[in-house]
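# Observations on the model geometry
Each chain is listed here by its residues.
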Amino acid sequence: MSQAWLPLITLATSLLVAPLILLLPERAWRARAALNLSAALLKLLLVGLMVVGLYQGREFAFGFTVVPGVEFLLRVDALGMMFAGLSSLLWLATTVYAIGYLEDSPNRKRFFAFFSLCVASTIGISLAGNLFTFLLFYELLTLSTYPLVVHRGHPAGLAAGTVYLRYTLTGGLVLLLGVVGMHALVGDVTFGEREMLRDLAPSYHPLLIGLFLVMLLGLGVKAALVPLHGWLPRAMVAPAPVSALLHAVAVVKAGAFGIVRLVYDVYGIQLTFELGLLTVLTVLSVFTILYGSIRALAQQELKPRLAYSTISQVSYIVLGISLFGPFGTIAGLAHLMHQGLMKVTLFYCAGNYAEELGIHRIDELDGAGRRMPLTSLAFTVGALGMIGLPPVAGFISKWYLGLGAVQAGMPWVIGVLVASSLLNAAYFLPILHRLWFRAGPAHGKGQWPEERCLGRFETSGWLLWPSLATALFSLLAGLLAGLPFSPLDLATLVATEEYLP
């Protein structure tokens, strides 16, 4: 089989699973679980093969002409493999988690079908080789995640879904305008062919700046850049596996990944710098980082606090790419994966507390570390990583952001990182204090809001093992950052390609 088909087969592993799941009876949960897990494992294997091939210098590409001048193109590069690797790994973990979380709940068939479509969309976004293909899967992601957000069907969920659609469809329309404008200017934009824009006469620069800002506006909605973030905290009414997916790999990460593509593979870092657009990204990201952290402090429920934390943390990616120089690039791209691992851990744990003990508010967590020690240990790893403490992966991100700030001649950014880390500590450490050092129902004081015993461990194994696995990955990504195939190594590969002459 030609290796040109490998990207298409990888996409098909989740795209074709969706209709197969819909064909199964609702009660056939074992067959559905086997199908989901088999496809997730196969996709992870295929992505692994492509990563190894990429390091060996092989090329993987599949494309065909849709209409004259517009091509559907899937192509493997280091940047895409970072996002595809994250998506594949967390699809497997979240599938396991969702099987346990949704046990005995209605409409599981519909949930897993759209769940597979959502993952197919993220794989399509990561493998897209040009703007048209990217836009195609970017819009499919909106349509496939809406049924997940409103899955429970209650009024709050439906209202959140309406807000979600209003924001993301509007953002998609704005992005479409930018893509059409770019197509009218230079034709089909293939990622990496930066000379198309670089060779334009200076008289075109105002138009290029305008098109960049239009596409940034469209992408910024999903990336939850302030003030385009309003949909994200409302979407927290979705089930925990959906929240984990939205925050760690799907929607917000797709927006951030799109901004990365726009800077490095459409405009090129040099042209973006010369047009003064990196300054726009720096200002937006710094404001979002601080605003998200301050709003997180005010939240009394666990999932909304994590949601505002996401708004802040995803902007570290944008901040990294706005710092002109290899270290900034490495920081932003490594954080693309680091944030996903840490944030999915935190949302799994929030789901565990809710399912096992009925806990939703932060002040209900007193003593939960004694009742659920492994879940609380995983939460602690994720929280410390978000603060940026070693040896968790978040430390690597912030270390390279600091280096990038110095390299870019912007040392004041280090002050922003320090302020942000202090704010992260201010809203995460009180939670850890409640978990481990306050007396609660596990110590004979009061009672849990709604305690259930879901398994022979502290909760169901389906919920516990993914939480521990992603916490372990968050640690390993920090401890083994210097090894080949690590997120930092892949980010370094992209930065080297970007800045070498």
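Residues numbered from 1 in each chain as written. Predicted model: local features only at pLDDT ≥ 70, side-chain atom pairs only at ≥ 80, totals over all residues. Heavy atoms only, no water.

### Regarding the overall build of the chain
- The helix and strand inventory of the chain stands at 22 helices and two strands.
- What you see for the chain is a C-alpha radius of gyration of 22 Å, in line with the 23 Å of a compact globule of 501 residues.
- With respect to the principal axes defined by its C-alpha atoms, the chain has extents near 75 × 55 × 45 Å.
- By residue count, 60% of the 501 residues in the chain fall in the buried class.
- Within the chain, contacts between residues at least 6 apart in sequence are counted, and of these 79% link residues at least 24 apart.
- Element-wise, carbon and sulfur atoms account for 68% of the exposed surface of the chain, whose accessible area totals about 18200 Å². (Helix = DSSP H or I, 4+ residues; strand = E, 2+ residues; numbered from the N terminus. Rg over C-alpha atoms; globule rule 2.2 N^0.38 Å. Buried < 20%, exposed > 50% of the residue type's maximum accessible area, 1.4 Å probe, protein only. Contact = heavy atoms within 4.5 Å. Areas by Shrake-Rupley, 256 points an atom, 1.4 Å probe, with all protein chains shown as cover.)

### Some thoughts on the UniProt feature "domain: NADH:quinone oxidoreductase/Mrp antiporter transmembrane" (unreviewed entry) in the chain
- Mapped onto this numbering, the UniProt entry gives "domain: NADH:quinone oxidoreductase/Mrp antiporter transmembrane" (unreviewed entry) at residues 128-422.
- The distance separating the terminal C-alpha atoms of residues 128-422 is 38 Å; by composition the span is 77% helix and 0% strand. (UniProt positions renumbered as here; feature names shortened; annotations may be inferred.)

### Here's the deal with the side chain of Glu356
- By secondary structure assignment, the location of Glu356 is in helix H16 (residues 326-357).
- Within polar-contact distance, the side chain of Glu356 engages the side chain of Arg371 at 2.5 Å.
- Only 3.4 Å separates the side chain of Glu356 from the backbone nitrogen of Leu454, close enough to count as a polar contact. (Polar contact = N/O pair within 3.5 Å; in protein donor to acceptor, adjacent residues only side chain to side chain.)

### Considerations on the packing of helix H12 (residues 251-267) against helix H15 (residues 302-322)
- It is at 10 Å that the axes of H12 and H15 come closest, and there the two elements cross at 10°. Put simply, H12 runs roughly parallel to H15. Residue-level contacts link Val252, Lys253, Ala256, Ile259, Val260, Val263 and Tyr264 of H12 to Thr310, Val314, Ile317, Val318 and Ile321 of H15.
- Of the residues belonging to the contact of H12 with H15, the class tally is ten nonpolar, one polar and one charged. (Axes fitted to C-alpha atoms, helices over the stretch in contact; angles between N-to-C directions. Parallel < 35°, antiparallel > 145°, perpendicular 65-115°, else oblique. Nonpolar A, V, L, I, M, F, W, Y, C, P; charged D, E, K, R; others polar.)

### Topic: the pairing of strand S1 (residues 61-67)
- Where S1 lies against strand S2 (residues 70-75), six bridges are found, and the strand directions are antiparallel. In the strand pairing of S2, Phe64 is matched with Phe72.
- Between S1 and S2, which follow one another and run antiparallel, lie two residues, and Gly69 among them has a positive phi close to 90°. (Pairing = 2+ DSSP bridges.)

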